[in-house]
There are 2 protein chains.
Amino acid sequence: MTTPINFQEKFKKFSDHWSPRVIAEMNDYQFKIVRIKGDFVWHQHDDTDEVFIVIDGKMSIEFDDHTIELKSGEMIVVSKGEKHRPYAELECKVLLVEPRGVVNTGDAGGSLTAPDDIWL
Amino acid sequence: MTTPINFQEKFKKFSDHWSPRVIAEMNDYQFKIVRIKGDFVWHQHDDTDEVFIVIDGKMSIEFDDHTIELKSGEMIVVSKGEKHRPYAELECKVLLVEPRGVVNTGDAGGSLTAPDDIWL
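Residues numbered from 1 in each chain as written. Chains lettered and ligands numbered in written order. Predicted model: local features only at pLDDT ≥ 70, side-chain atom pairs only at ≥ 80, totals over all residues.

Participant: Just checking my understanding: could you explain the relation of the copies chain B and chain A for this structure?
Facilitator: Take chain B, turn it by 180°, move it 0.0 Å along the axis, and it overlays chain A with an RMSD of 0.0 Å. Both chain copies can therefore be described as sitting about a two-fold axis. Of all interface residues in chain B, 100% are interface residues in chain A too; the two copies therefore contact each other through one and the same surface. (Least-squares fit on C-alpha atoms with pLDDT ≥ 70 in both. Contact = placed C-beta atoms within 7 Å.)

Below, the structure is given as structure tokens:
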């Protein structure tokens, strides 16, 4: 039986930052929610575009030559291979869409690397 | 330059129902917004899952053996080959995610079939 997924209900199930949780799969793509706060690492995903949709709050993404601000009700597509650094002064709730198996820190690795297939 | 896409700003650009507009592409997937009101046709997509995310309002999707209600801040994945019929009593604003080339009426065709690649 197909049932609706409520973003805010799912967000209540965890509180840590920079650790995406899978809430749905469509074909070989995953929908993940993540709470972000503070600075992430510069990184890129060499094999795929990546979508950020802000559910609640606001965030920024720094690129090589410009920075964008993204607020609730807005989305952005970060292109394959595009170096970027997400950050948020206050906590921001985000929905990510990307192929199954994408690691959050891309080519950069490091201590903010999260497991890539944790389901809520 | 990568720029944010604001859902409500995009919705202001059209007013007709059941005619999805493409607002972004990620790899070979498209993000489309659509205003829905009234009854759609029973149909299925034999080659792909399909995601509905409600941006504003509420809608229902009837399946063979149950009906779900979906409201703002909720999403659902309709599985490949799953027969379904969306409807909304009052106008509802929806974000769809599906592979490039998907036709809205799937296998059913008919007068509600919309062009599949109209960009906003």
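Still to come is the rest of the account.
Participant: Help me understand the environment of A:I23 in this model?
Facilitator: Residues and elements named next belong to chain A. You can see I23 is positioned in strand β2 (residues 21–26). Judged by C-beta crowding, with 21 C-beta atoms within 10 Å, I23 ranks as buried. Sequence separation between I23 and I33 is 10 residues; the distance between their C-alpha atoms is 7.0 Å. In contact with I23, other than residues within four places in its own chain, are I5, K10, F31, K32, I33 and L120. (Helix = DSSP H or I, 4+ residues; strand = E, 2+ residues; numbered from the N terminus. Buried ≥ 20, exposed ≤ 12 C-beta atoms within 10 Å, placed from the backbone.)

Participant: Quick question: what am I supposed to make of unusual backbone geometry here?
Facilitator: Positioned with a positive phi, A:N27 is a non-glycine residue whose angle comes to about 50°. Along the chain, A:N27 falls in the loop between β2 and β3 (29–39). For A:N27, a count of 19 C-beta atoms within 10 Å gives the class partly exposed. Phi at B:W18 takes a positive value of approximately 65°, unusual for a residue other than glycine. Tracing the backbone shows B:W18 in the loop between α1 (7–11) and β2 (21–26). Residue classification places B:W18 among the partly exposed positions, given that 19 C-beta atoms sit within 10 Å.

Participant: Before we go on, may I ask you to explain the interface of chain B and chain A in this structure?
Facilitator: As a measure of interface size, the accessible area lost when the parts come together is often cited. In this assembly, 28 residues from chain B lie in contact with 28 residues from chain A. Of all the secondary structure elements, the ones that give two or more residues to the side of chain B that touches chain A are β1 (5–6), α1, β2, β3 (29–39), β6 (67–71) and β7 (74–78) of chain B. Element by element, the count of residues in the side of chain B that touches chain A is highest for β7(B), at 5 residues. Of the residues in the side of chain B that touches chain A, the class split is 17 nonpolar, 8 polar and 3 charged. Sheet analysis places strand β7 (residues 74–78) of chain A next to β1(B), joined by 2 bridges and oriented antiparallel. Its bridge partner lying in β1(B), A:M75 is registered against B:I5. (Nonpolar A, V, L, I, M, F, W, Y, C, P; charged D, E, K, R; others polar. Pairing = 2+ DSSP bridges.)

Any functional reading would require information that these geometric values do not contain.
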